Amino acid sequence: MSAILLAVAAGVTIAGGATLPPAVVPAGNLLVTGDFNGDGWLDIVSVVRSQGSGAWYLAVFANDGSGHFNRGTTMSLNAEFVPFAITAADFDRDGRLDVAILGNGPNGSQVLVALHRTASFFTYAIPIASNGFSLSAGDFTGDAFPDLLVTTYGNAQEFINPGNGIFDQARPVATLTIGVPLIADLNSDGNLDFALWSTGSQYPSSSVYLGDGQGNFTQSTAGPFPGNIGGMSIADLNSDGKPDLVSVLALGTMRPLAFQVAYGNGDGTFQKLVSPAASLPYPNGFGIATGDVNNDGRIDVLVLAGDAQSSIVAVYFNIGNGAFSEPVSTVLPRKFRGIQLATFTADNYLDLLIEAEGFQLIDLIQFNDGSGRMGAAE
(Lines give C-alpha, C1' and ligand atoms only; values in the text may rest on other atoms or scores of the structure.)
Protein backbone atom coordinates (compact mmCIF):
# COMPACT_ATOMS: atom_id res chain seq x y z
CA MET A 1 0.00 0.00 0.00
CA SER A 2 1.20 3.51 -0.73
CA ALA A 3 -1.76 5.79 -0.12
CA ILE A 4 -5.54 5.83 -0.06
CA LEU A 5 -8.28 8.39 -0.02
CA LEU A 6 -10.54 8.22 3.01
CA ALA A 7 -14.11 9.38 2.56
CA VAL A 8 -15.49 11.01 5.68
CA ALA A 9 -18.90 12.16 4.50
CA ALA A 10 -21.81 10.09 5.76
CA GLY A 11 -23.10 7.57 3.26
CA VAL A 12 -19.81 7.34 1.34
CA THR A 13 -18.13 3.93 1.29
CA ILE A 14 -14.47 3.75 2.34
CA ALA A 15 -12.27 2.20 -0.31
CA GLY A 16 -8.75 1.07 0.49
CA GLY A 17 -7.31 1.11 3.98
CA ALA A 18 -6.47 3.74 6.55
CA THR A 19 -6.40 4.65 10.17
CA LEU A 20 -6.04 7.88 12.04
CA PRO A 21 -3.96 9.32 14.86
CA PRO A 22 -3.63 8.55 18.58
CA ALA A 23 -6.67 8.86 20.81
CA VAL A 24 -6.08 12.43 21.96
CA VAL A 25 -5.69 14.88 19.10
CA PRO A 26 -5.41 18.64 19.00
CA ALA A 27 -8.88 20.10 19.42
CA GLY A 28 -10.41 21.68 16.37
CA ASN A 29 -10.28 18.46 14.38
CA LEU A 30 -13.38 16.35 13.84
CA LEU A 31 -11.52 13.05 13.70
CA VAL A 32 -10.22 11.05 16.64
CA THR A 33 -8.98 7.49 16.96
CA GLY A 34 -8.46 4.80 19.51
CA ASP A 35 -9.25 1.15 20.03
CA PHE A 36 -13.02 1.48 20.32
CA ASN A 37 -13.82 -2.23 19.96
CA GLY A 38 -11.05 -3.71 22.08
CA ASP A 39 -9.29 -5.70 19.37
CA GLY A 40 -5.93 -3.95 19.69
CA TRP A 41 -6.21 -1.86 16.51
CA LEU A 42 -6.84 1.86 16.18
CA ASP A 43 -10.34 2.61 14.95
CA ILE A 44 -11.74 5.88 13.63
CA VAL A 45 -14.40 7.96 15.31
CA SER A 46 -15.43 10.92 13.23
CA VAL A 47 -18.05 13.63 13.26
CA VAL A 48 -19.29 13.57 9.69
CA ARG A 49 -21.89 15.42 7.69
CA SER A 50 -24.37 13.97 5.24
CA GLN A 51 -23.91 15.21 1.70
CA GLY A 52 -27.65 15.01 1.18
CA SER A 53 -29.43 16.27 4.28
CA GLY A 54 -26.58 18.22 5.86
CA ALA A 55 -27.22 16.41 9.17
CA TRP A 56 -24.33 15.60 11.53
CA TYR A 57 -23.45 12.10 12.73
CA LEU A 58 -20.96 10.46 15.06
CA ALA A 59 -19.59 7.48 13.14
CA VAL A 60 -17.27 4.66 14.17
CA PHE A 61 -15.08 2.94 11.55
CA ALA A 62 -13.53 -0.34 12.76
CA ASN A 63 -9.99 -1.21 11.66
CA ASP A 64 -9.50 -4.85 10.69
CA GLY A 65 -5.77 -4.71 11.52
CA SER A 66 -4.54 -4.19 7.99
CA GLY A 67 -5.59 -0.55 7.71
CA HIS A 68 -8.98 -1.35 6.18
CA PHE A 69 -12.11 -0.05 7.84
CA ASN A 70 -15.73 -1.10 8.16
CA ARG A 71 -18.52 1.29 9.03
CA GLY A 72 -19.85 0.46 12.48
CA THR A 73 -21.95 2.34 15.01
CA THR A 74 -23.53 5.57 13.80
CA MET A 75 -25.28 8.07 16.04
CA SER A 76 -27.29 11.05 14.83
CA LEU A 77 -26.59 14.38 16.50
CA ASN A 78 -29.16 17.05 17.27
CA ALA A 79 -30.11 18.72 14.00
CA GLU A 80 -29.37 22.12 15.54
CA PHE A 81 -25.98 21.07 16.95
CA VAL A 82 -22.98 22.21 14.87
CA PRO A 83 -19.75 20.52 16.07
CA PHE A 84 -16.24 21.92 15.73
CA ALA A 85 -13.98 19.98 18.13
CA ILE A 86 -13.72 16.40 19.39
CA THR A 87 -11.63 14.39 21.84
CA ALA A 88 -11.76 10.86 23.25
CA ALA A 89 -10.93 9.18 26.57
CA ASP A 90 -12.40 6.53 28.86
CA PHE A 91 -14.33 9.01 30.98
CA ASP A 92 -16.26 6.46 33.05
CA ARG A 93 -13.35 3.95 33.32
CA ASP A 94 -15.35 1.01 32.02
CA GLY A 95 -12.64 -0.09 29.60
CA ARG A 96 -14.28 1.51 26.55
CA LEU A 97 -13.27 4.80 24.96
CA ASP A 98 -15.84 7.58 25.12
CA VAL A 99 -16.15 10.76 23.06
CA ALA A 100 -16.71 14.44 23.86
CA ILE A 101 -17.73 16.93 21.17
CA LEU A 102 -17.71 20.72 21.45
CA GLY A 103 -20.17 22.63 19.33
CA ASN A 104 -22.92 25.21 19.13
CA GLY A 105 -26.47 24.18 19.93
CA PRO A 106 -29.80 26.00 19.96
CA ASN A 107 -28.94 27.55 23.36
CA GLY A 108 -25.28 28.38 22.75
CA SER A 109 -22.05 26.43 23.09
CA GLN A 110 -22.12 23.03 24.73
CA VAL A 111 -20.12 19.85 25.15
CA LEU A 112 -21.88 16.69 24.03
CA VAL A 113 -20.50 13.70 25.96
CA ALA A 114 -21.06 10.27 24.39
CA LEU A 115 -20.33 7.42 26.82
CA HIS A 116 -19.56 4.28 24.85
CA ARG A 117 -21.71 1.28 25.64
CA THR A 118 -21.40 -2.15 24.03
CA ALA A 119 -23.04 -1.22 20.73
CA SER A 120 -24.25 2.34 21.25
CA PHE A 121 -23.55 5.64 23.01
CA PHE A 122 -25.23 7.21 26.02
CA THR A 123 -25.20 10.97 25.46
CA TYR A 124 -25.81 14.11 27.47
CA ALA A 125 -24.96 17.79 27.01
CA ILE A 126 -23.07 20.27 29.21
CA PRO A 127 -23.69 23.98 28.61
CA ILE A 128 -20.69 26.31 28.19
CA ALA A 129 -20.93 29.78 29.74
CA SER A 130 -19.37 31.52 26.73
CA ASN A 131 -18.57 30.70 23.13
CA GLY A 132 -16.40 27.60 23.04
CA PHE A 133 -13.34 27.26 20.83
CA SER A 134 -11.38 24.08 21.61
CA LEU A 135 -11.66 20.91 23.66
CA SER A 136 -9.06 18.58 25.23
CA ALA A 137 -9.02 15.77 27.79
CA GLY A 138 -6.51 14.88 30.50
CA ASP A 139 -6.27 13.79 34.12
CA PHE A 140 -5.64 17.17 35.77
CA THR A 141 -6.35 16.03 39.33
CA GLY A 142 -4.32 12.82 39.50
CA ASP A 143 -7.26 10.51 40.26
CA ALA A 144 -6.92 8.52 36.98
CA PHE A 145 -10.24 9.87 35.67
CA PRO A 146 -9.94 12.05 32.53
CA ASP A 147 -11.16 15.62 32.94
CA LEU A 148 -12.15 18.10 30.22
CA LEU A 149 -10.53 21.42 29.33
CA VAL A 150 -12.52 23.84 27.16
CA THR A 151 -11.05 27.08 25.87
CA THR A 152 -13.41 29.90 25.02
CA TYR A 153 -13.05 33.43 23.72
CA GLY A 154 -11.37 34.73 26.86
CA ASN A 155 -10.71 31.90 29.30
CA ALA A 156 -10.18 28.21 29.92
CA GLN A 157 -12.90 26.24 31.66
CA GLU A 158 -12.33 22.91 33.36
CA PHE A 159 -14.80 20.10 33.96
CA ILE A 160 -13.62 17.81 36.76
CA ASN A 161 -14.65 14.18 36.36
CA PRO A 162 -16.43 12.94 39.51
CA GLY A 163 -15.52 9.36 38.62
CA ASN A 164 -18.46 8.27 36.50
CA GLY A 165 -18.00 10.38 33.37
CA ILE A 166 -21.00 12.58 34.21
CA PHE A 167 -19.54 16.07 34.21
CA ASP A 168 -21.27 18.93 35.99
CA GLN A 169 -20.52 22.64 36.09
CA ALA A 170 -17.34 24.13 34.72
CA ARG A 171 -14.91 26.22 36.68
CA PRO A 172 -12.59 28.84 35.13
CA VAL A 173 -8.91 27.97 35.42
CA ALA A 174 -7.15 30.66 33.40
CA THR A 175 -7.73 33.93 31.59
CA LEU A 176 -6.19 33.63 28.17
CA THR A 177 -6.34 34.59 24.55
CA ILE A 178 -8.13 32.29 22.16
CA GLY A 179 -6.20 29.18 21.29
CA VAL A 180 -5.76 25.42 21.29
CA PRO A 181 -4.14 23.67 24.28
CA LEU A 182 -1.58 20.88 23.93
CA ILE A 183 -1.49 18.83 27.13
CA ALA A 184 1.73 17.36 28.55
CA ASP A 185 3.91 17.42 31.67
CA LEU A 186 6.13 20.37 30.75
CA ASN A 187 8.00 20.82 34.04
CA SER A 188 8.60 17.18 35.04
CA ASP A 189 6.59 17.30 38.27
CA GLY A 190 4.20 14.51 37.29
CA ASN A 191 1.25 16.86 36.74
CA LEU A 192 -0.31 17.73 33.42
CA ASP A 193 0.29 21.23 32.04
CA PHE A 194 -0.75 22.80 28.75
CA ALA A 195 0.81 24.95 26.07
CA LEU A 196 -1.76 27.20 24.43
CA TRP A 197 -1.11 28.14 20.84
CA SER A 198 -3.13 31.04 19.48
CA THR A 199 -4.51 30.80 15.99
CA GLY A 200 -5.39 34.28 14.77
CA SER A 201 -3.33 37.29 13.74
CA GLN A 202 -5.17 39.39 16.35
CA TYR A 203 -3.70 37.18 19.11
CA PRO A 204 0.03 37.93 19.19
CA SER A 205 1.31 35.33 21.64
CA SER A 206 1.08 31.77 22.87
CA SER A 207 1.61 30.77 26.50
CA VAL A 208 2.37 27.90 28.89
CA TYR A 209 0.17 27.04 31.91
CA LEU A 210 1.51 24.76 34.66
CA GLY A 211 -0.81 22.41 36.58
CA ASP A 212 -0.55 21.60 40.29
CA GLY A 213 -2.19 18.18 40.08
CA GLN A 214 -5.38 19.43 41.75
CA GLY A 215 -6.92 21.06 38.69
CA ASN A 216 -5.35 24.49 39.13
CA PHE A 217 -3.13 26.19 36.55
CA THR A 218 -0.63 29.06 36.74
CA GLN A 219 0.78 30.85 33.73
CA SER A 220 4.48 30.12 33.33
CA THR A 221 7.09 32.83 32.88
CA ALA A 222 7.98 31.03 29.65
CA GLY A 223 7.49 33.00 26.47
CA PRO A 224 5.68 34.83 25.15
CA PHE A 225 5.89 32.85 21.97
CA PRO A 226 4.61 34.11 18.65
CA GLY A 227 0.90 33.86 18.02
CA ASN A 228 -0.94 33.27 14.75
CA ILE A 229 0.27 29.68 14.83
CA GLY A 230 -0.68 27.23 12.10
CA GLY A 231 0.25 24.26 14.24
CA MET A 232 2.23 23.26 17.32
CA SER A 233 3.59 19.98 18.65
CA ILE A 234 5.34 18.92 21.86
CA ALA A 235 8.32 16.62 21.34
CA ASP A 236 11.87 16.01 22.56
CA LEU A 237 13.80 17.03 19.46
CA ASN A 238 17.27 17.10 20.98
CA SER A 239 16.98 13.86 22.98
CA ASP A 240 17.71 15.48 26.35
CA GLY A 241 14.58 14.10 28.00
CA LYS A 242 12.90 17.52 28.14
CA PRO A 243 9.82 18.48 26.10
CA ASP A 244 10.31 21.10 23.40
CA LEU A 245 7.71 23.25 21.61
CA VAL A 246 7.70 23.00 17.82
CA SER A 247 5.54 25.36 15.78
CA VAL A 248 4.89 26.79 12.35
CA LEU A 249 3.25 30.14 11.62
CA ALA A 250 -0.21 30.18 10.07
CA LEU A 251 0.55 33.22 7.95
CA GLY A 252 4.23 33.79 7.36
CA THR A 253 5.25 37.42 7.50
CA MET A 254 7.37 36.78 4.45
CA ARG A 255 8.44 33.97 2.23
CA PRO A 256 10.03 31.55 2.91
CA LEU A 257 8.34 29.67 5.78
CA ALA A 258 10.25 27.61 8.37
CA PHE A 259 9.34 25.71 11.53
CA GLN A 260 10.55 27.03 14.88
CA VAL A 261 11.64 25.31 18.08
CA ALA A 262 11.67 26.52 21.69
CA TYR A 263 13.90 23.98 23.41
CA GLY A 264 12.67 23.09 26.90
CA ASN A 265 14.64 23.53 30.11
CA GLY A 266 12.61 20.82 31.85
CA ASP A 267 11.09 23.19 34.42
CA GLY A 268 8.28 24.67 32.36
CA THR A 269 10.47 27.37 30.82
CA PHE A 270 11.86 27.38 27.32
CA GLN A 271 14.80 28.80 25.43
CA LYS A 272 14.65 31.43 22.74
CA LEU A 273 13.00 30.35 19.49
CA VAL A 274 15.31 29.07 16.77
CA SER A 275 14.72 27.93 13.20
CA PRO A 276 16.99 24.89 12.82
CA ALA A 277 16.12 23.85 9.27
CA ALA A 278 15.76 25.06 5.72
CA SER A 279 12.67 27.04 4.78
CA LEU A 280 9.88 26.34 2.30
CA PRO A 281 8.75 28.50 -0.65
CA TYR A 282 5.22 28.90 0.72
CA PRO A 283 3.65 31.71 2.78
CA ASN A 284 1.36 29.72 5.09
CA GLY A 285 1.72 26.91 7.59
CA PHE A 286 -1.39 24.73 7.92
CA GLY A 287 -0.10 22.11 10.37
CA ILE A 288 2.84 20.34 11.96
CA ALA A 289 3.50 16.83 13.28
CA THR A 290 6.43 15.19 15.05
CA GLY A 291 7.55 11.58 15.32
CA ASP A 292 10.33 9.15 14.45
CA VAL A 293 9.26 8.38 10.89
CA ASN A 294 12.54 6.75 9.77
CA ASN A 295 13.04 4.62 12.90
CA ASP A 296 16.47 5.95 13.83
CA GLY A 297 15.53 6.89 17.40
CA ARG A 298 15.29 10.64 16.72
CA ILE A 299 12.14 12.73 16.40
CA ASP A 300 11.53 14.14 12.92
CA VAL A 301 9.34 17.09 11.92
CA LEU A 302 6.66 17.21 9.21
CA VAL A 303 5.19 20.51 8.02
CA LEU A 304 2.04 21.10 5.99
CA ALA A 305 2.47 24.35 4.07
CA GLY A 306 0.91 26.01 1.08
CA ASP A 307 -1.14 28.87 -0.27
CA ALA A 308 -4.83 29.46 -1.01
CA GLN A 309 -5.03 26.75 -3.68
CA SER A 310 -2.37 24.13 -2.98
CA SER A 311 -0.24 22.53 -0.29
CA ILE A 312 2.75 20.28 0.31
CA VAL A 313 4.00 18.05 3.10
CA ALA A 314 7.68 18.51 3.90
CA VAL A 315 9.54 15.89 5.97
CA TYR A 316 12.57 17.12 7.93
CA PHE A 317 14.72 14.23 9.16
CA ASN A 318 16.42 14.80 12.50
CA ILE A 319 20.14 14.12 12.04
CA GLY A 320 21.11 14.91 15.63
CA ASN A 321 22.83 17.74 17.48
CA GLY A 322 19.97 20.12 16.69
CA ALA A 323 20.34 19.71 12.93
CA PHE A 324 17.78 18.62 10.35
CA SER A 325 17.98 17.44 6.76
CA GLU A 326 16.81 19.39 3.77
CA PRO A 327 13.04 18.96 3.45
CA VAL A 328 11.71 16.05 1.41
CA SER A 329 8.47 17.39 -0.03
CA THR A 330 5.35 15.83 -1.51
CA VAL A 331 2.99 18.00 -3.54
CA LEU A 332 -0.66 17.43 -2.64
CA PRO A 333 -3.61 17.60 -5.05
CA ARG A 334 -5.25 20.57 -3.29
CA LYS A 335 -5.24 22.58 -0.08
CA PHE A 336 -5.46 20.57 3.16
CA ARG A 337 -5.99 21.78 6.73
CA GLY A 338 -3.84 19.61 9.00
CA ILE A 339 -1.56 16.59 9.44
CA GLN A 340 -1.12 13.90 12.08
CA LEU A 341 1.00 10.79 12.50
CA ALA A 342 -0.08 7.33 13.68
CA THR A 343 0.71 3.66 13.24
CA PHE A 344 -1.91 2.33 10.87
CA THR A 345 -0.93 -1.30 10.38
CA ALA A 346 1.11 -4.13 11.90
CA ASP A 347 4.41 -2.85 10.48
CA ASN A 348 4.56 -0.32 13.37
CA TYR A 349 5.70 2.51 11.09
CA LEU A 350 4.28 5.97 11.62
CA ASP A 351 2.01 6.82 8.70
CA LEU A 352 0.52 10.17 7.76
CA LEU A 353 -3.02 11.49 7.89
CA ILE A 354 -3.57 14.63 5.82
CA GLU A 355 -6.86 16.21 6.79
CA ALA A 356 -9.15 17.70 4.17
CA GLU A 357 -10.32 21.29 4.39
CA GLY A 358 -14.08 21.02 4.43
CA PHE A 359 -16.46 18.36 5.65
CA GLN A 360 -17.57 17.19 2.23
CA LEU A 361 -14.03 16.57 0.98
CA ILE A 362 -11.70 13.60 1.27
CA ASP A 363 -8.87 12.95 3.73
CA LEU A 364 -5.65 11.51 2.38
CA ILE A 365 -3.73 8.70 4.07
CA GLN A 366 -0.10 8.09 3.12
CA PHE A 367 1.69 4.96 4.27
CA ASN A 368 5.30 4.94 5.48
CA ASP A 369 7.71 2.53 3.78
CA GLY A 370 9.87 2.45 6.92
CA SER A 371 12.36 5.04 5.71
CA GLY A 372 10.12 8.01 6.41
CA ARG A 373 9.11 8.38 2.77
CA MET A 374 5.34 8.58 2.57
CA GLY A 375 3.48 7.00 -0.34
CA ALA A 376 2.18 9.22 -3.09
CA ALA A 377 -1.55 9.45 -3.68
CA GLU A 378 -3.06 6.85 -5.99
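Computed from a predicted model, the values in this text were never measured in an experiment.

About the cut-offs
- Residues numbered from 1 in each chain as written.
- Predicted model: local features only at pLDDT ≥ 70, side-chain atom pairs only at ≥ 80, totals over all residues.
- Heavy atoms only, no water.
- pLDDT = per-residue confidence, 0-100.
- Helix = DSSP H or I, 4+ residues; strand = E, 2+ residues; numbered from the N terminus.
- Contact = heavy atoms within 4.5 Å.
- Pairing = 2+ DSSP bridges.
- Axes fitted to C-alpha atoms, helices over the stretch in contact; angles between N-to-C directions.
- Buried < 20%, exposed > 50% of the residue type's maximum accessible area, 1.4 Å probe, protein only.
- Salt bridge = Lys/Arg side-chain N within 4 Å of Asp/Glu carboxyl O.
- Phe/Tyr/Trp six-rings, centres within 6.5 Å; stacked < 30°, edge-to-face > 60°.

(A) Broad picture of the confidence of the model for the chain. Averaged over every residue, the pLDDT of the chain is 81; residues scoring 70 or more account for 84%. The element-level mean pLDDT for the chain is lowest in strand 1 (residues 3–7), coming to 40, with strand 25 (residues 318–320) highest at 95. When the criterion is pLDDT under 50, residues 1–28 qualifies, and its contacts beyond four places in sequence or with other chains add up to 116 contacts.

(B) Here's a closer look at the sheet that holds strand 23 (residues 300–306). The four strands are arranged 22-23-24-27 in an open sheet whose pairing can be described as antiparallel. Lying at the two open borders of the sheet, with one neighbouring strand each, are strand 22 (284–291) and strand 27 (328–331). Looking at each pair of strands side by side, their axes are set apart by 20 degrees on average, direction ignored. Pairing geometry for strand 22 and strand 23, over seven bridges, is antiparallel. Pairing of Asn284 across the sheet is with Gly306, part of strand 23.

(C) Representation of the sheet that holds strand 11 (residues 147–152) in the model. Spatially, 10-11-12-13 is the arrangement adopted by the four strands of the open sheet, whose pairing is antiparallel. At either end of the open sheet lies a strand with only one pairing partner, and these are strand 10 (132–138) and strand 13 (171–175). On average, each strand axis in the sheet is inclined to that of its neighbour by 25 degrees, with strand direction left out of account. Relative to strand 11, strand 10 is paired through six bridges, and the arrangement is antiparallel.

(D) Layout of the environment of Tyr209. Note that Tyr209 resides in strand 16 (residues 205–211). A relative accessible area of 3% places Tyr209 in the buried class. Residues Tyr209 and Phe194, 15 residues apart in the sequence, show an inter-C-alpha distance of 5.4 Å.

(E) Broad picture of the pattern of salt bridges. Per the stated rule, a full pass over the model turns up five salt bridges. We note a salt bridge from Arg96 to Asp94, for which the minimum N-O separation is 3.2 Å. With a relative accessible area of 28%, Arg96 lands in the partly exposed category. Accessibility expressed as a relative area gives 29% for Asp94, which makes it partly exposed. For the salt bridge of Arg171 with Glu158, the shortest nitrogen-to-oxygen distance reads 3.0 Å. Of this pair, Arg171 sits in strand 13 while Glu158 sits in strand 12 (residues 155–159), and the two are 13 residues apart along the sequence.

(F) Main features of the environment of Gly211. Mapping Gly211 onto the fold places it in strand 16. Not counting residues up to four positions away in its chain, the partners in contact with Gly211 are Asp189, Asn191, Leu192, Asp193, Asn216 and Phe217.

(G) Up close: the packing of aromatic side chains. One pass over the full model with this rule turns up seven aromatic pairs. Ring centres of Phe194 and Tyr209 lie 4.9 Å apart, and the angle between their planes is 15 degrees; this geometry places the pair in the stacked category. Residue Phe194 is located in strand 15 (residues 193–197), and its partner Tyr209 is located in strand 16; the two are separated by 15 residues in the primary sequence. Given the relative accessible area of 0%, Phe194 is considered buried. With a centroid separation of 5.4 Å and 85 degrees between ring planes, the pair formed by Phe259 and Phe324 is classed as edge-to-face. With Phe259 in the loop between strand 20 (244–249) and strand 21 (260–262) and Phe324 in strand 26 (residues 323–324), this pair connects stretches of sequence that are 65 residues apart. Overall, Phe259 belongs to the buried group, its relative accessible area being 1%. By relative accessible area, Phe324 is classed as buried at 9%. Of the aromatic side chains, those joined through ring pairs into one cluster are Phe140, Phe194, Tyr209 and Phe217.

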